Amino acid sequence: DYARCADSTAPHNEDNIDCARKLAAIAAALRKLTPRQAAVMHAYFVDERTLQSIADELGVVDSRVSQIMREAITATQKRLGLPPRTHKIGTWNAR
């Protein structure tokens, strides 16, 4: 379970090796995103910017930013061998 590995409160034991492998796989999958996908994901998840703010910077509408994010998430899930999940972009963390 990838989410368990991101939990910094998880106990430190032999599962750490498995988590390290999973986190390395996530990092590798994220490095394969296009530059635009990576920039949008970083702006949204790391910089905590709104879809509209990102859209304004890119000169596109916010629905295009949502589409870029969806493409990035789907590609990452596919590279990790995860089943596709449905998330409504723009509602995470009440943004």
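None of the values given here were measured: they were computed from a predicted structure.

**Student:** Quick question: what am I supposed to make of a positive patch on the surface here?
**Tutor:** Residues Arg31, Lys32, Lys78 and Arg79 make up a contiguous surface patch of positive charge. Structurally, Arg79 is set in helix α5 (residues 62-79).

**Student:** Looking at this structure, how should I read the packing of helix α3 (residues 35-46) against helix α4 (residues 51-58)?
**Tutor:** Think of two packed helices as two axes; the pair is described by the angle between the axes and how far apart they sit. For the pair α3 and α4, interaxial distance at closest approach is 10 Å and the crossing angle is 140 degrees. Considering their axes alone, α3 and α4 lie oblique with respect to each other. As α3 packs across α4, the resulting crossing turns out to be right-handed. Between α3 and α4, the residues in contact are Arg36, Val40, Ala43 and Tyr44 and Leu51, Ile54 and Leu58, respectively. Split by residue class, the contact of α3 with α4 holds six nonpolar, no polar and one charged.

**Student:** Explain the environment of Ala55 here, please?
**Tutor:** Following the sequence through the fold, Ala55 ends up in helix α4. By relative accessible area, Ala55 is classed as buried at 0%. Placed eleven residues apart in sequence, Ala55 and Ser66 show a C-alpha to C-alpha distance of 9.2 Å. Discounting chain neighbours no more than four positions away, the residues touching Ala55 are Val60, Val61, Asp62 and Val65.

**Student:** Sorry, what's going on with the nonpolar core here?
**Tutor:** Buried together is how nonpolar side chains tend to be arranged in soluble globular proteins. Judged by nonpolar contacts, the single largest core of 13 residues is most densely connected at Val40, Met41, Tyr44, Leu51, Ile54, Val65 and Met69. Looking at this core, the elements that each hand over two or more residues are α3, α4 and α5. With five residues, the top contributor of residues to this core is α5. Discounting residues that sit within four places of it in the chain, Met41 has contacts with Leu33, Val46, Met69, Ala72 and Ile73.

Parameters and conventions
- Residues numbered from 1 in each chain as written.
- Predicted model: local features only at pLDDT ≥ 70, side-chain atom pairs only at ≥ 80, totals over all residues.
- Heavy atoms only, no water.
- Patch = residues over 30% accessible without salt bridge, like charges linked within 9 Å, V, L, I, M, F, W, Y side chains within 5 Å.
- Areas by Shrake-Rupley, 256 points an atom, 1.4 Å probe, with all protein chains shown as cover.
- Salt bridge = Lys/Arg side-chain N within 4 Å of Asp/Glu carboxyl O.
- Lys, Arg positive; Asp, Glu negative; His and termini not counted.
- Charge placed at Lys NZ, Arg CZ, Asp CG, Glu CD.
- Helix = DSSP H or I, 4+ residues; strand = E, 2+ residues; numbered from the N terminus.
- Axes fitted to C-alpha atoms, helices over the stretch in contact; angles between N-to-C directions.
- Parallel < 35°, antiparallel > 145°, perpendicular 65-115°, else oblique.
- Left-handed = near helix turned anticlockwise from the far one by under 90°.
- Contact = heavy atoms within 4.5 Å.
- Nonpolar A, V, L, I, M, F, W, Y, C, P; charged D, E, K, R; others polar.
- Buried < 20%, exposed > 50% of the residue type's maximum accessible area, 1.4 Å probe, protein only.
- Core = buried A, V, L, I, M, F, W, Y, C linked by side-chain atoms within 4.5 Å.

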